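So the chains spell out like this:
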Amino acid sequence: MSAIKYYGADQLPRLAEVHISARVLLFTLAVSVLTGLLFGLVPTLKASRPDVNEILKSGTKAATSGRGLRLWRDSLVVSEVALSLILLVGAGLMIRSFAHLVNVPPGFDAKNVLTGRISLTRNIYDKPEECVLYVNQTLERLRALPGVESAAFVAPMPFSGGNVGSDFRIEGRALPEAGSEPTANNRSVTTQYFQAMKIALVRGRYFSEQDKRGGVGAAIVNQTLARRYFPSEDPIGKRISHIGANQNDGDPEQWEIVGVVGDVHHNSLTKAANPEIYLPYQQNSWSWGNFLIRTTVEPTTLAQSFREQIRAGDKSVPLTNVTTLTEAISETVAQPRFYTFLFGIFGAIGLMLTVTGVYGLISYTVAQRTQEIGIRMALGATSQSVVRMVLKQGIALAVMGAGIGIAISFALARVIVTLLFDVKPTDIATFSIATLVLLGAAILASYVPARRATKVDPLVALRYE
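Residues numbered from 1 in each chain as written. Predicted model: local features only at pLDDT ≥ 70, side-chain atom pairs only at ≥ 80, totals over all residues. Heavy atoms only, no water.

1. Remarks on the overall build of the chain
Check the secondary structure of the chain and you find 14 helices and 12 strands. Summarising the internal contacts of the chain: among those between residues at least 6 apart in sequence, 82% fall at separations of at least 24. Total accessible area on the chain stands at roughly 24,300 Å², and carbon and sulfur atoms take up 60% of it. (Helix = DSSP H or I, 4+ residues; strand = E, 2+ residues; numbered from the N terminus. Contact = heavy atoms within 4.5 Å. Areas by Shrake-Rupley, 256 points an atom, 1.4 Å probe, with all protein chains shown as cover.)

Here it is in structure tokens:
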């Protein structure tokens, strides 16, 4: 229960209030007992009406285990194996999908980065210069903290759940038709942002302190924008205009592209990067955004100092969502992580049921065939031949169940296709591994009673009735 609450806290409403109810527990216990009685009733009725002719022919206790009863037991085990394989395939697909998801490079280094969001009130910071002054002074204090490698400001912050987009014009090109204008997300960043986030520079340069208000502005674009709107030419030196997002009086009317940086996943690891335009905070200041620091120590140890230095310039500035960047990314994969956890539990339970079912059936069969095994050993059968004989039954049931489970899994796998990332619902590797794990568990479950069968004393077995 604690594990489910931990992984599903953001997925199930009011999960923290869930607890084990005595009433529900008793109901579940009653259903379990009733299920056991119902499934135990069929073999009991079968045993109460034995085939007299079969008894007279065999003259053994095994006669009470007629063909119909054996078929019933075998069918239950085959069903368990098939169900277990379906659950294992589902768990395998989810695990592979989640592994691919968490290994997607976000385009920056999220380790040792602490961030927090601020919002400057308009009646105090109504001029762009006032916003720039507050941000720059705060960054100086943050950089002076022991253990801080670099500090920056960005709006909007990656994985903060926000995007600000607008259309733009490319100088020298004909005006596009209405509705077909080139569009991009806009971000305002301070000069050390790319270095602090370790976003790769592909060509050109980063922003510098020379990129101030007045004249032509500087802009940096990502690779997706460069490929989409400058497919056969170098975007460096090209000018763009009419960037409508968060424009202030006095902002440049044109922006010259001075650099191209690598693509960054800003909201989701599963979605391709959108065209991005980065503008210098000095030339395009925003009244809200995120401070961030890259540290040489565990970032959470600087959380209190981080808060104090941000509020030192103005205690009225609200500071929220102070967290590490790795935690912010982790929150975006909470849902697939929860689903993977649930499928893993179901797969483990299914595998346990298979092992229990196969072991129970083979153990029962060995007990019923004690006299036969003793006779075989008295006539010279080796331990290896007895083990093979017993294993053959368990393997046959496991193979039958696996075959049925594979067929059903292929049909049902498409149901969870929307939950998968970079994995086909009919992934052969996953199906193969799940089948091998299941067959291996079934063989192991059969091997234990098979080895016990080799310990049968032929003299005792011949007296067994």
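What follows continues from the structure just given.
2. So, the packing of helix α5 (residues 128-143) against helix α8 (residues 303-312)
Here α5 crosses α8 at 145°, and the two axes come no closer than 9 Å. In this structure, the crossing between α5 and α8 has a hand that is right-handed. The residues of α8 that touch α5, namely those facing Tyr134, Thr138, Arg141 and Leu142, are Phe306, Gln309, Ile310 and Ala312. A class-by-class count of the residues in the contact of α5 with α8 yields 5 nonpolar, 2 polar and 1 charged. (Axes fitted to C-alpha atoms, helices over the stretch in contact; angles between N-to-C directions. Left-handed = near helix turned anticlockwise from the far one by under 90°. Nonpolar A, V, L, I, M, F, W, Y, C, P; charged D, E, K, R; others polar.)

3. Re the packing of aromatic side chains
Counted by the stated rule, this structure contains 14 aromatic pairs. Judged by centre distance (6.2 Å) and plane angle (65°), the ring pair of Phe108 and Phe159 falls under edge-to-face. Note that Phe108 is positioned in the loop between α4 (67-102) and β1 (113-119) and Phe159 in the loop between β2 (148-155) and β3 (165-167), a separation of 51 residues in sequence. Summarising the aromatic geometry, the rings of Tyr193 and Tyr278 are spaced 6.5 Å apart at their centres and angled 35° between planes, so their arrangement reads as tilted. Linking Tyr193 in helix α6 (residues 193-197) with Tyr278 in strand β10 (residues 276-280), this pair joins segments that are 85 residues apart in sequence. Across the pair, Tyr278 and Tyr193 agree in class, each one buried. What links up through ring pairs into an aromatic cluster is the set Tyr125, Tyr134, Phe153, Tyr281 and Phe291. (Phe/Tyr/Trp six-rings, centres within 6.5 Å; stacked < 30°, edge-to-face > 60°. Buried < 20%, exposed > 50% of the residue type's maximum accessible area, 1.4 Å probe, protein only.)

4. Some remarks on unusual backbone geometry
Here Ala155 and Pro156 are connected by a cis peptide whose omega angle stands at -10°. Note on placement: Pro156 falls in the loop between β2 and β3. The backbone of Asn112 shows a phi angle near 60°, a positive value even though the residue is not glycine. Mapped onto the elements, Asn112 comes out in the loop between α4 and β1. Located in the positive-phi region is Asp422, a residue other than glycine, with phi close to 60°. Tracing the backbone through its elements, the reader meets Asp422 in the loop between α12 (383-412) and α13 (428-453).

5. Notes on the confidence of the model for the chain
The pLDDT averaged across the chain works out to 83; a share of 85% of its residues lies at or above 70. Overall, residues 5-9 carries pLDDT values under 50, and its contacts beyond four positions in sequence, including any with other chains, amount to 11 contacts. Note on residues 58-64: pLDDT under 50 across the span, and 10 contacts to partners over four residues away in sequence or across chains. (pLDDT = per-residue confidence, 0-100.)

6. Some remarks on the pattern of salt bridges
Counting across every chain of the model gives 10 salt bridges. Here Asp263 ties to Arg227 by a salt bridge, and the two come within 3.1 Å at their closest N and O atoms. With Asp263 in the loop between β9 (254-261) and β10 and Arg227 in helix α7 (residues 223-229), the pair connects residues that are 36 residues apart, well separated along the chain. In this structure, the salt-bridge partner of Lys238 is Glu233, at a minimum N-O distance of 3.6 Å. You can call Lys238 partly exposed: its relative accessible area is 26%. (Salt bridge = Lys/Arg side-chain N within 4 Å of Asp/Glu carboxyl O.)

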